[in-house]
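# Understanding the architecture of this molecule
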Amino acid sequence: MKMATNPPKFKVPLVDDERLQNLKNAFERHYGETPLFYACAPGRVNLIGEHIDYCGFSVLPMAIEQNIFAAVSVNNLGTIQLANINPLYNNITVSCSEEIVIDRTNPKWYYYFLCGVKGIQEKFGITRLPGMSCVIDGNVPPSSGLSSSSALVCCAGLVTMEANQKSLSKLALAEICAKCERYIGTEGGGMDQSISFLAEKGTAKLIEFEPLRAIDVQLPAGAVFVISNCCLEMNKAASSHFNIRVVECRIATKMLGQAKGLNQKGLLKLAQVQTELKASLEEMLLLVDEVLHPEPYSREEICKALDITSQQFSTELLSANTQHVTHFKLYQRAKHVYGEASRVLRFKDVCDCEAEESIQLLGDLMNQSHASCRDLYECSCPELDQLVDICLKSGAVGSRLTGAGWGGCAVSMVPSDKVQSFVQAVREAYYLPDPRRAAMEKQSLFVSKPGGGAAIYVEN
Ligand code: ADP
Ligand code: NG1
């Protein structure tokens, strides 16, 4: 086995923790043996920079405390056995002698795990995987914009690397997991997998792509970030909302490129247009005004402008689950992306300069981000808008949807001395009046501090 020159610091001593003990007990009950090792990968909250990672722009997330844990042993059965602490997720056994097939039309939980396995298998060209027995325990609220799916994929990638006695850097793992999660059908960027591996306790990160890089961002003292879930789930892989936005950005890229006479080959992301034109983000916003119109574009209009056939349009620009879409809002999506990319850079600058008015400036940027997600990107929903509104009225300086949207969570920045009254006011206004929300309140409304990245736990 070739060792990395700088072995990644994944391995940490096993801690005496109730959740791990429960996981160990469940593993022993299920498989009649002790786990060989444990792996975990965190979810994340994105502070600003929504729906721009897959356009090539930097984003600003931090890892959260909630994560996906796996207890693992290597078996001689020639199968990958997966069990889950949560009875909602069925046990499954997959043969190692057959090719791993991910069914995009039916995104069951274990396909996310198998995405991670497949990513590592392909990276090392492993023809026959060793058998593995795993029990999974996750506490990231699913389909709520906190990246439970990527935490599961990253955990599976890490488990497979360790079970195969391979070594990879965190950067390499992040890139592999970003790519292999797309087997599920969602054409996401790399934000979630990058922060899951590259996070460090106590700091948020500016994640840059191509090349992938994570830069520390010190959040202002004097404010905390509070996550609140609107209690509406949105499963990305089981719907086409997400990929429609990806496709609209891809088409907008082509249209802007065409208007400016750029070479269309390999031109797929809005950030590439900016790089090619050597323009500022403000200039890109003006270019969108100049080239694109606010009325939705039909397929015919796009094919004519790009001089492509309807067949090329379907195979080269659309994804499998967006073939039915007839109209595309290119102007609004491109406006959001370039505007949001600029807000991310301003957010980082404000954090870096530690000015007295930092908290207000950051709050303003978060509020602008939410308005843009709601009005231009149309990825909010009435419940999220209501929740954001309540958060602002309850003392938040800034509040916005986080993650993919169409449900899920909001993140609010709240002055530290107002946290208690803020939480109480949001409870009373959003959760308590509705019995379903009230029952979910404990895991739906919480303060979040920047957590650490994925890790492997071994016995001392
Ligand atoms: P998110 O925004 O949380 O990433 P997705 O809809 O993309 O939301 O993915 C959620 C899916 O991830 C769930 O439907 C389930 O298949 C899988 N998942 C999340 N948490 C767990 C868990 N604890 N155990 C098994 N599967 C999980
Ligand atoms: P969530 O909210 O975790 O489903 C998704 C994408 C991100 C990013 C955000 C929107 C995946 C795995 N994740 O995250 O890459 O595009 O939406 O900013 O597709």
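Further up the page is the structure itself.
About the criteria used
Residues numbered from 1 in each chain as written. Chains lettered and ligands numbered in written order. Predicted model: local features only at pLDDT ≥ 70, side-chain atom pairs only at ≥ 80, totals over all residues. Heavy atoms only, no water. Near = heavy atom within 4 Å. Polar contact = N/O pair within 3.5 Å; in protein donor to acceptor, adjacent residues only side chain to side chain. Areas by Shrake-Rupley, 256 points an atom, 1.4 Å probe, with all protein chains shown as cover. Helix = DSSP H or I, 4+ residues; strand = E, 2+ residues; numbered from the N terminus. Pairing = 2+ DSSP bridges. Axes fitted to C-alpha atoms, helices over the stretch in contact; angles between N-to-C directions. Contact = heavy atoms within 4.5 Å. Buried < 20%, exposed > 50% of the residue type's maximum accessible area, 1.4 Å probe, protein only. Nonpolar A, V, L, I, M, F, W, Y, C, P; charged D, E, K, R; others polar. Expected span 1.5 Å × (residues − 1). Left-handed = near helix turned anticlockwise from the far one by under 90°. Salt bridge = Lys/Arg side-chain N within 4 Å of Asp/Glu carboxyl O. Phe/Tyr/Trp six-rings, centres within 6.5 Å; stacked < 30°, edge-to-face > 60°.

## Quick notes on the site of ligand 2
Near ligand 2, the surroundings consist of 19 residues, among which Glu-50, Asp-53, Asp-192, Lys-236 and Ala-404 are the closest. Glu-50 has a polar side-chain atom sitting 2.7 Å from an oxygen atom of ligand 2. With respect to ligand 2, the side chain of Asp-53 contributes an N or O atom lying 2.6 Å from an oxygen atom. Protein chains bury 97% of the 440 Å² of accessible surface belonging to ligand 2 in isolation. Counting residues per element, the shell around ligand 2 draws most heavily on helix H5 (residues 191–198), at three residues.

## Description of the sheet that holds strand E6 (residues 131–138)
Taken in spatial order, the seven strands of this open sheet run E1-E15-E2-E3-E6-E4-E5, and their pairing is mixed. The two strands at the open ends of the sheet, each matched to only one other strand, are strand E1 (11–13) and strand E5 (92–95). The mean inter-strand angle of the sheet, taken between neighbouring strand axes irrespective of direction, is 25°. Pairing analysis gives eight bridges linking strand E3 (residues 60–75) to E6, with the strands arranged antiparallel. Its bridge partner lying in E6, Ala-70 is registered against Ile-136. Contacting strand E2 (37–48), E3, strand E4 (79–84) and E6, helix H1 (residues 18–31) crosses the sheet at an angle of about 140° to E6.

## Examining unusual backbone geometry
The general pattern is negative phi for most residues beyond glycine and trans for most peptide bonds. In this structure, the amide linkage connecting Glu-210 to the following residue, Pro-211, adopts the cis form with an omega of 0°. Relative to the elements of secondary structure, Pro-211 occurs in the loop between strand E7 (204–208) and strand E8 (213–217). Even without being a glycine, His-51 presents a positive backbone phi close to 60°. Here His-51 lies in the loop between E2 and E3. The phi angle at Ser-147 is positive, at roughly 70°, despite the residue not being glycine. On the secondary structure map, Ser-147 appears in the loop between E6 and helix H3 (148–163). Taking the relative accessible area as the measure of exposure, Ser-147 reaches 8% and is therefore buried.

## A short note on the site of ligand 1
The full set close to ligand 1 counts 18 residues, and Asn-84, Ser-143, Ser-148, Ser-149 and Lys-236 are the nearest of them. At 2.7 Å, a side-chain N or O of Ser-149 approaches an oxygen atom of ligand 1. Side-chain polar atom of Asn-235 to an oxygen atom of ligand 1: 3.2 Å apart, as the coordinates give it. In the complex, the protein chains occlude 93% of the 570 Å² of accessible area that ligand 1 would expose alone. Secondary-structure elements contributing two or more residues to the shell around ligand 1 are helix H2 (109–124) and H3. Considering each element in turn, the shell around ligand 1 owes the most residues, three residues, to H3. Taken together, the residues of the shell around ligand 1 break down into eight nonpolar, nine polar and one charged.

## Description of helix H13 (residues 382–393)
Taking 1.5 Å of rise per residue, twelve residues should cover 16 Å, and H13 covers 16 Å from first to last C-alpha, within 8% of that figure. Where the residues of H13 are buried, they touch strand E9 (223–229), helix H12 (358–375), strand E12 (398–401), strand E13 (409–415) and helix H14 (419–431). Of the residues trailing H13, Gly-395 is marked for its positive phi of about 120°.

## Comments concerning the packing of H14 against helix H15 (residues 435–444)
Closest axis-to-axis distance for the H14/H15 pair is 10 Å, and the angle between their directions is 150°. Handedness of the crossing formed by H14 with H15: right-handed. The residues of H15 that touch H14, namely those facing Arg-427, Tyr-430 and Tyr-431, are Arg-437, Ala-438, Glu-441 and Ser-444.

## Describing the side chain of Thr-186
Looking at the element boundaries, Thr-186 is found in the loop between helix H4 (170–181) and H5. Setting aside anything within four residues of it in sequence, one finds Thr-186 in contact with Lys-236, Ala-237, Phe-242 and Asn-243.

## A look at the side chain of Gln-81
Structurally, the position occupied by Gln-81 is in strand E4. A polar contact is formed between the side chain of Gln-81 and the side chain of Ser-133, at a distance of 3.0 Å. Gln-81 has contacts with Tyr-31, Asn-75, Ile-92, Thr-93, Met-132, Ser-133 and Cys-134, leaving out every residue within four places of it along the chain.

## Things to note about the pattern of salt bridges
One pass over the full model with this rule turns up 22 salt bridges. Note that Glu-187 is salt-bridged to Arg-250, the shortest N-O span being 2.3 Å. Taken together, the positions of Glu-187 in the loop between H4 and H5 and Arg-250 in helix H6 (residues 241–259) put the pair 63 residues apart, joining distant regions of the chain. Glu-187 sits in the partly exposed class, given a relative accessible area of 23%.

## Details of the packing of aromatic side chains
Counted by the stated rule, this structure contains ten aromatic pairs. Measuring from ring centre to ring centre gives 6.2 Å for Phe-10 and Phe-197, while their planes differ by 70°; the resulting arrangement is edge-to-face. Here Phe-10, found in the segment before E1, pairs with Phe-197, found in helix H5; they are 187 residues apart in sequence, far enough to count as distant. Residue classification places Phe-10 among the buried residues on the basis of a relative accessible area of 2%.

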